[in-house]
Amino acid sequence: MAKLERGSVGTRTANRGAVIAALLSGAGIDRRQLVQQTGLSWATVARIVDDLLADGLALEQHKIVRDGPGRPGAALGFNPQSGLVCGIDLGGTYCRMVIADGIGTAIIRCRDETPRDLGAAELASWIATRVLGLVERYGDGVPLTSVAIGLPGVVASTKDRVVGAFNLPQILGTTFVETVAAELGVPTIIDNDSNLALLGELHYGELPRDETVVLLSLGTGLGSAVAFNRQVLAGPEGLLGEFGRLRLPGRKERLRDLLSGAGLLALAHQAGHRLRKADEVFAEPDRFGGLVDEIHEALLHLVSIVALAYEPSTVVFTGGFSGAFSDSVLETVSAETYETVGVHSDLRRSVLGDSGGLLGAMAAALSGYYTAIGVARHQVASITTSAPGVVAQLDGCAVDPSDTEELA
């Protein structure tokens, strides 16, 4: 990292951010190592560390013993109890939440059925009450600092309104966004759930982080997200990658009607079939008159569009509906896409599964917290964490006992 000289307020903020980012990237670092890693002077590092200790953002830990002259230095670390964050994955079927400490260690999680019958304000109040209740019961008095919510809809680039929500229409407009932020009382990040799922894959999954990657979320609805050089892309109206809106060639149906659970159920019902779950179509293909073949053709059409739009090295699939496609189907679609449009993409399943969206929301909330305490965006991107450790902590953390379905 380039050395920053003391001077303006902006420079002092950048210096502070550099030290915090270094503390977040590894426990057990002392002042001497901070000088080496940040390129700042000893005096600047000492002043910043004293300020962080006074503000409760840093902690002194054990002594570091070294060979050679000099006194042992005190190991320093970012204080995980300096603040809590909450990540929320709001879906058309389920709403998942996780409360984590300041370094991303999951404390409590829950999964509830999304109360789809509630209006915009009532749904926002339900979410806020659930979050604040978890913080009160499990937060040990540590304040909530930041919340991030992944929504099953199109979010404008201003992040202040939802402009499309096929499976949860009551969140359209500004009422839901404004109400949930006001009732939570902390900075609240709103984004499309596929964007946050891709963020989770980039932070904690096994995607190539320096290449173009696309996430296709096939669940209750159909969503997608694309990242280039670790940055998730977005358009001014949030419509980038909303391929589910496209009509199938020569038909009135859209891609989402064949490649999402809700869409396929509705399409099957229109054809006179009575289904409880979309996967019944795959369990009894002969019963549905070639519908499975149509679904596979729709998948090939979608992947071909994605290949031409972005030329991704990897396309990762997530969402419950994506489980209907076997590995051999994904391999065939990859080969046929290359044969058709000349782009080779590795089609693979998410290693994070349903946790991807929740982990992405948590990562966004942590970024919001770090930015608020003086870490610049490029410094946040430089923070390194143990991805397997974070995922294991989420999987192993306590579940709120009021969530009877998760405990069953």
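Reading the values: the criteria
- Residues numbered from 1 in each chain as written.
- Predicted model: local features only at pLDDT ≥ 70, side-chain atom pairs only at ≥ 80, totals over all residues.
- Heavy atoms only, no water.
- Domains from an automatic or database assignment.
- Contact = heavy atoms within 4.5 Å.
- Buried area = accessible area lost by both parts, 1.4 Å probe.
- Polar contact = N/O pair within 3.5 Å; in protein donor to acceptor, adjacent residues only side chain to side chain.
- Nonpolar A, V, L, I, M, F, W, Y, C, P; charged D, E, K, R; others polar.
- Helix = DSSP H or I, 4+ residues; strand = E, 2+ residues; numbered from the N terminus.
- Buried < 20%, exposed > 50% of the residue type's maximum accessible area, 1.4 Å probe, protein only.
- Pairing = 2+ DSSP bridges.
- Axes fitted to C-alpha atoms, helices over the stretch in contact; angles between N-to-C directions.

Participant: Looking at this structure, I do not really get the domain arrangement of the chain. What am I missing?
Facilitator: Much of the literature gives interface size as the accessible area that the parts lose upon coming together. For the chain, the assigned domains read domain 1 (7-78), domain 2 (84-198 + 355-395) and domain 3 (208-350). Inter-centroid distance (C-alpha atoms) of domain 2 to domain 3 is 25 Å. Contacts between the two partners involve 15 residues from domain 2, matched on the other side by 21 residues from domain 3. Three residues, Val154, Ser194 and Leu198, lead the burial of domain 2 against domain 3; their summed loss comes to 37% of the area buried on that side. One can count 2 residue pairs in polar contact (both at pLDDT 80 or more) joining domain 2 with domain 3. When the residues that make up the side of domain 2 that touches domain 3 are grouped by side-chain class, the tally is 7 nonpolar, 7 polar and 1 charged.

Participant: Help me out: how do you make sense of the environment of Pro143 in this one?
Facilitator: Looking at the element boundaries, Pro143 is found in the loop between α4 (120-138) and β6 (144-151). Using a relative accessible area of 47% as the deciding quantity, one classes Pro143 as partly exposed. Measuring from C-alpha to C-alpha, the distance between Pro143 and Thr314 comes to 39 Å, with 171 residues separating the pair along the chain. Residues contacting Pro143, with those up to four places away along its chain left out, are Ser82, Gly83 and Leu84.

Participant: How should the sheet that holds strand β4 (residues 94-100) be read in this particular structure?
Facilitator: The strands making up a sheet associate through hydrogen bonds between their backbones, and the pairing can be parallel or antiparallel. Read from one edge of the open sheet, 6 strands run β9-β6-β3-β4-β5-β15, paired in mixed fashion. Of all the strands in the sheet, the pair left with one neighbour each is β9 (188-192) and β15 (398-399). The pairing of strand β3 (residues 84-90) with β4 spans 6 bridges and is classified as antiparallel. Opposite Cys86, over in β4, you have Ile99 as the bridge partner. Taken strand by strand, α4 contacts β3, β4, β5 (106-113) and β6, and its axis lies near 35 degrees from that of β4. With respect to the sheet, helix α6 (residues 193-204) is in contact with β3, β6 and β9, its orientation differing from that of β9 by roughly 100 degrees.

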